[in-house]
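Structural features, examined
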Amino acid sequence: MRIDEALVRELLDAPSNDTVVVLLKGRAQVVEQADLGSEQYRGAAVLISRAELVERMGTPSPAEADVARLSAALQDAADKLGA
């Protein structure tokens, strides 16, 4: 599983603050929080929501260096979860 800048950008570009990054079956995915109740996402662990990400970054349009740092931090968190 890889959490890279493209995944963070995908989350930032999502139209809804209820969009989340989930870890499921060794993959990180961007999905709508409302979809988490479906069979497809059973067992998924939510890593971060768009709203949390924007709050943490202080802007919905952070610099590339900030996106790179955040993706590395999220990758570290996912690794620690053992996902």
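Preceding this section is the structure that the text describes.
In this text, all values refer to a predicted model and were calculated from it rather than measured experimentally.

Criteria and cut-off values
Residues numbered from 1 in each chain as written. Predicted model: local features only at pLDDT ≥ 70, side-chain atom pairs only at ≥ 80, totals over all residues. Heavy atoms only, no water. Helix = DSSP H or I, 4+ residues; strand = E, 2+ residues; numbered from the N terminus. Rg over C-alpha atoms; globule rule 2.2 N^0.38 Å. Buried < 20%, exposed > 50% of the residue type's maximum accessible area, 1.4 Å probe, protein only. Areas by Shrake-Rupley, 256 points an atom, 1.4 Å probe, with all protein chains shown as cover. Lys, Arg positive; Asp, Glu negative; His and termini not counted. Charge placed at Lys NZ, Arg CZ, Asp CG, Glu CD.

Focus on the overall build of the protein chain
Counting its secondary structure elements, the protein chain contains three helices and three strands. Shown N-terminal to C-terminal, the secondary structure of the protein chain runs as helices and strands in the order α-β-β-β-α-α. Taken over C-alpha atoms, the radius of gyration comes to 12 Å for the protein chain, in line with the 12 Å a tight globule of 83 residues would show. Counting only C-alpha atoms and orienting by the principal axes, one finds that the protein chain spans roughly 35 × 25 × 15 Å. Buried positions account for 37% of the 83 residues belonging to the protein chain. Split by element, the accessible area of the protein chain, about 4800 Å² in all, is 46% carbon and sulfur. If you average the places of the 9 positive and of the 14 negative side-chain charges in the protein chain, the two averages end up 4 Å apart.

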